[in-house]
Amino acid sequence: MKSPLFLFGLLVLLNSCNDNVVPKPNAYLSLSYPKATYQKSSEALPYRFQYSVQAILNIKPRSWSDLQYPDLKAELNMTYQKVDKDIMRLFLDAEKLTYKHALKADRIEMHPYENKSKKVYAKIFEVTGDVASAIQFQATDSTKHFLSGALYFDASPNYDSILPVIDYLKKDIETLIETLEWKH
(Lines give C-alpha, C1' and ligand atoms only; values in the text may rest on other atoms or scores of the structure.)
Protein backbone atom coordinates (compact mmCIF):
# COMPACT_ATOMS: atom_id res chain seq x y z
CA MET A 1 0.00 0.00 0.00
CA LYS A 2 1.30 3.36 -1.00
CA SER A 3 1.68 6.00 1.59
CA PRO A 4 -0.88 8.84 1.65
CA LEU A 5 1.99 11.33 1.61
CA PHE A 6 3.29 9.82 -1.67
CA LEU A 7 -0.15 10.07 -3.26
CA PHE A 8 -0.57 13.64 -2.09
CA GLY A 9 2.86 14.57 -3.56
CA LEU A 10 1.98 12.87 -6.85
CA LEU A 11 -1.34 14.73 -6.98
CA VAL A 12 0.37 18.10 -6.35
CA LEU A 13 3.01 17.36 -8.99
CA LEU A 14 0.47 16.37 -11.65
CA ASN A 15 -1.78 19.30 -10.81
CA SER A 16 1.04 21.84 -11.05
CA CYS A 17 1.94 20.91 -14.62
CA ASN A 18 -0.01 22.96 -17.12
CA ASP A 19 0.85 24.57 -20.43
CA ASN A 20 -0.35 28.08 -19.63
CA VAL A 21 3.00 29.80 -19.29
CA VAL A 22 2.70 33.55 -18.96
CA PRO A 23 5.92 35.48 -19.60
CA LYS A 24 6.78 38.29 -17.28
CA PRO A 25 6.87 41.71 -18.94
CA ASN A 26 10.14 43.64 -19.07
CA ALA A 27 10.43 46.05 -16.19
CA TYR A 28 12.09 49.42 -16.55
CA LEU A 29 12.82 52.04 -13.97
CA SER A 30 10.57 55.02 -14.32
CA LEU A 31 12.97 57.83 -13.57
CA SER A 32 11.80 61.38 -13.93
CA TYR A 33 13.89 64.50 -13.75
CA PRO A 34 12.75 68.09 -13.46
CA LYS A 35 12.45 70.11 -16.65
CA ALA A 36 15.70 71.95 -17.26
CA THR A 37 15.67 75.60 -16.25
CA TYR A 38 18.83 77.66 -16.54
CA GLN A 39 20.42 80.65 -14.83
CA LYS A 40 23.46 82.81 -15.57
CA SER A 41 26.80 82.15 -13.92
CA SER A 42 28.63 84.50 -11.60
CA GLU A 43 30.35 87.62 -12.87
CA ALA A 44 33.43 86.68 -10.80
CA LEU A 45 34.71 84.31 -13.50
CA PRO A 46 36.53 85.25 -16.75
CA TYR A 47 33.80 83.34 -18.62
CA ARG A 48 30.00 83.26 -18.45
CA PHE A 49 27.55 80.47 -19.13
CA GLN A 50 24.11 79.25 -18.23
CA TYR A 51 23.68 76.32 -15.88
CA SER A 52 20.82 74.36 -14.37
CA VAL A 53 18.96 75.70 -11.34
CA GLN A 54 19.33 72.15 -9.98
CA ALA A 55 23.09 72.73 -9.70
CA ILE A 56 25.14 74.69 -7.19
CA LEU A 57 27.98 76.77 -8.65
CA ASN A 58 31.13 76.81 -6.51
CA ILE A 59 33.87 79.19 -7.58
CA LYS A 60 37.37 77.99 -6.76
CA PRO A 61 40.74 79.75 -6.78
CA ARG A 62 42.37 80.45 -10.19
CA SER A 63 38.92 80.86 -11.81
CA TRP A 64 38.16 77.16 -11.59
CA SER A 65 34.60 76.16 -10.77
CA ASP A 66 32.39 73.19 -9.93
CA LEU A 67 28.75 72.54 -10.63
CA GLN A 68 27.37 70.24 -7.96
CA TYR A 69 24.16 68.30 -8.48
CA PRO A 70 23.38 67.11 -4.92
CA ASP A 71 20.17 65.27 -5.85
CA LEU A 72 21.96 63.34 -8.61
CA LYS A 73 25.21 62.82 -6.67
CA ALA A 74 27.15 64.31 -9.56
CA GLU A 75 29.68 67.07 -10.01
CA LEU A 76 31.07 68.83 -13.07
CA ASN A 77 34.62 70.00 -12.33
CA MET A 78 35.82 72.83 -14.58
CA THR A 79 39.40 74.00 -14.98
CA TYR A 80 40.19 77.39 -16.50
CA GLN A 81 43.58 78.35 -17.89
CA LYS A 82 44.84 81.39 -19.74
CA VAL A 83 46.33 80.63 -23.12
CA ASP A 84 49.92 81.82 -23.37
CA LYS A 85 51.05 80.57 -26.79
CA ASP A 86 50.53 77.03 -25.46
CA ILE A 87 47.13 76.07 -26.87
CA MET A 88 48.40 72.75 -28.24
CA ARG A 89 49.83 71.75 -24.84
CA LEU A 90 46.52 72.61 -23.15
CA PHE A 91 44.58 70.49 -25.66
CA LEU A 92 47.00 67.57 -25.33
CA ASP A 93 46.91 67.69 -21.51
CA ALA A 94 43.10 67.72 -21.50
CA GLU A 95 42.89 64.89 -24.03
CA LYS A 96 45.36 62.81 -22.01
CA LEU A 97 42.88 62.91 -19.13
CA THR A 98 40.09 61.78 -21.46
CA TYR A 99 42.04 58.95 -23.02
CA LYS A 100 43.26 57.65 -19.63
CA HIS A 101 39.80 56.07 -19.53
CA ALA A 102 40.45 54.11 -22.73
CA LEU A 103 41.40 50.95 -20.83
CA LYS A 104 37.98 50.69 -19.18
CA ALA A 105 35.96 52.48 -21.85
CA ASP A 106 33.87 50.66 -24.41
CA ARG A 107 33.98 53.68 -26.70
CA ILE A 108 35.04 57.34 -26.74
CA GLU A 109 33.10 59.65 -29.05
CA MET A 110 34.10 63.23 -29.77
CA HIS A 111 31.51 65.84 -30.78
CA PRO A 112 32.87 69.19 -32.03
CA TYR A 113 31.11 72.51 -31.42
CA GLU A 114 31.85 75.88 -33.00
CA ASN A 115 30.35 79.33 -32.54
CA LYS A 116 32.47 81.79 -34.52
CA SER A 117 30.52 84.88 -33.42
CA LYS A 118 31.24 84.14 -29.73
CA LYS A 119 34.68 82.64 -30.51
CA VAL A 120 33.85 79.36 -28.79
CA TYR A 121 35.45 76.24 -30.20
CA ALA A 122 34.74 73.12 -28.19
CA LYS A 123 34.83 69.35 -28.11
CA ILE A 124 32.58 67.13 -26.00
CA PHE A 125 33.83 63.62 -25.28
CA GLU A 126 31.34 60.89 -24.38
CA VAL A 127 33.06 57.97 -22.70
CA THR A 128 30.89 54.85 -22.54
CA GLY A 129 31.62 52.06 -20.10
CA ASP A 130 32.38 51.77 -16.40
CA VAL A 131 34.67 54.80 -16.23
CA ALA A 132 35.20 57.51 -13.64
CA SER A 133 34.14 60.38 -15.93
CA ALA A 134 31.50 59.71 -18.59
CA ILE A 135 31.50 63.19 -20.16
CA GLN A 136 34.38 65.60 -20.62
CA PHE A 137 34.75 68.77 -22.62
CA GLN A 138 37.25 71.36 -23.77
CA ALA A 139 36.43 74.88 -24.92
CA THR A 140 38.60 77.76 -26.06
CA ASP A 141 38.68 80.98 -28.03
CA SER A 142 42.11 79.77 -29.30
CA THR A 143 43.97 82.91 -28.19
CA LYS A 144 43.26 83.80 -24.53
CA HIS A 145 40.95 81.33 -22.77
CA PHE A 146 40.85 77.56 -22.25
CA LEU A 147 38.17 75.76 -20.20
CA SER A 148 37.96 72.02 -19.64
CA GLY A 149 35.45 70.01 -17.64
CA ALA A 150 34.80 66.50 -16.43
CA LEU A 151 31.63 64.97 -15.00
CA TYR A 152 32.02 62.72 -11.95
CA PHE A 153 29.57 60.76 -9.81
CA ASP A 154 29.74 60.04 -6.11
CA ALA A 155 29.24 56.34 -6.81
CA SER A 156 31.10 53.38 -8.22
CA PRO A 157 31.03 53.56 -12.01
CA ASN A 158 28.28 51.32 -13.36
CA TYR A 159 27.41 52.71 -16.78
CA ASP A 160 24.06 50.96 -17.15
CA SER A 161 22.83 52.30 -13.82
CA ILE A 162 23.89 55.91 -14.31
CA LEU A 163 23.09 56.20 -18.04
CA PRO A 164 19.76 58.04 -17.48
CA VAL A 165 21.54 60.62 -15.32
CA ILE A 166 24.37 60.95 -17.85
CA ASP A 167 21.83 61.63 -20.62
CA TYR A 168 20.10 64.24 -18.45
CA LEU A 169 23.34 66.01 -17.51
CA LYS A 170 24.67 65.85 -21.08
CA LYS A 171 21.98 68.36 -22.05
CA ASP A 172 23.15 70.67 -19.26
CA ILE A 173 26.76 70.44 -20.46
CA GLU A 174 25.70 71.14 -24.05
CA THR A 175 23.75 74.19 -22.84
CA LEU A 176 26.77 75.35 -20.85
CA ILE A 177 28.95 75.21 -23.98
CA GLU A 178 26.31 76.75 -26.26
CA THR A 179 25.92 79.72 -23.89
CA LEU A 180 29.63 80.09 -23.04
CA GLU A 181 31.03 83.59 -23.47
CA TRP A 182 34.52 84.86 -22.72
CA LYS A 183 35.22 88.07 -20.89
CA HIS A 184 38.04 90.01 -22.50
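Below or above, wherever it landed, is the structure these notes cover. (Residues numbered from 1 in each chain as written. Predicted model: local features only at pLDDT ≥ 70, side-chain atom pairs only at ≥ 80, totals over all residues. Heavy atoms only, no water.)

Now for the packing of aromatic side chains. Across all of its chains, the model carries 5 aromatic pairs by this definition. Their ring planes at 20° and their centres at 6.0 Å tell us that Tyr47 and Phe49 sit as a pair that is stacked. Linked through ring pairs, Tyr47, Phe49, Tyr51 and Tyr80 together constitute an aromatic cluster. The ring centre of Phe91 lies 5.2 Å from the NZ or CZ of Lys123, which sits over that ring. (Phe/Tyr/Trp six-rings, centres within 6.5 Å; stacked < 30°, edge-to-face > 60°. Lys NZ or Arg CZ within 6 Å of the ring centre and 35° of its normal.)

All right, on to the layout of surface pockets then. Roughly 290 Å³ of volume is contained in the largest pocket. Lining the largest pocket we find 20 residues, and of these Thr79, Asp93, Ala94, Leu97 and Ser148 sit closest to its centre. Elements supplying a minimum of two residues to the lining of the largest pocket: strand S6 (74–82), helix H2 (87–99), strand S9 (133–140) and strand S10 (145–153). The dominant element in the lining of the largest pocket, judged by the number of residues it contributes, is H2, at 6 residues. Looking at the lining of the largest pocket, its residues break down into 8 nonpolar, 9 polar and 3 charged. (1 Å grid on protein atoms, 1.4 Å probe; cavity = no way out; pocket = protein on both sides within 12 Å on 5 of 7 lines; lining within 4 Å. Points joined across faces, edges and corners; volume = space filled by probe spheres on them. Helix = DSSP H or I, 4+ residues; strand = E, 2+ residues; numbered from the N terminus. Nonpolar A, V, L, I, M, F, W, Y, C, P; charged D, E, K, R; others polar.)

The next point concerns the nonpolar core. One finds Phe49, Leu67, Phe137 and Leu169 to be the most contacted residues of the largest nonpolar core, which totals 34 residues. Sorting the residues of this core by element identifies strand S5 (65–69), S6, strand S8 (120–129), S9, S10 and helix H3 (159–178) as the ones contributing at least two each. Looking at this core, the element that brings in the most residues is H3, giving 9 residues. The contact partners of Leu67, leaving out residues within four places of it in the chain, are Phe49, Tyr51, Ala55, Ile56, Leu57, Ala74, Glu75, Leu76, Met78 and Leu176. In terms of nonpolar packing, the next biggest core, distinct from the first, is built from 6 residues, Ile87, Leu90, Phe91 and Phe146 among them. (Core = buried A, V, L, I, M, F, W, Y, C linked by side-chain atoms within 4.5 Å. Buried < 20%, exposed > 50% of the residue type's maximum accessible area, 1.4 Å probe, protein only. Contact = heavy atoms within 4.5 Å.)

A few words on the sheet that holds S10. With antiparallel pairing, the 7 strands of this open sheet are ordered in space as S4-S5-S6-S10-S9-S8-S7. Where the open sheet ends on each side, the last strands, each with one partner, are strand S4 (56–59) and strand S7 (105–115). The average angle at which neighbouring strand axes cross in this sheet is 15°, direction not considered. Taken together, the 9 bridges between S6 and S10 define a ladder with antiparallel strand orientation. (Pairing = 2+ DSSP bridges. Axes fitted to C-alpha atoms, helices over the stretch in contact; angles between N-to-C directions.)

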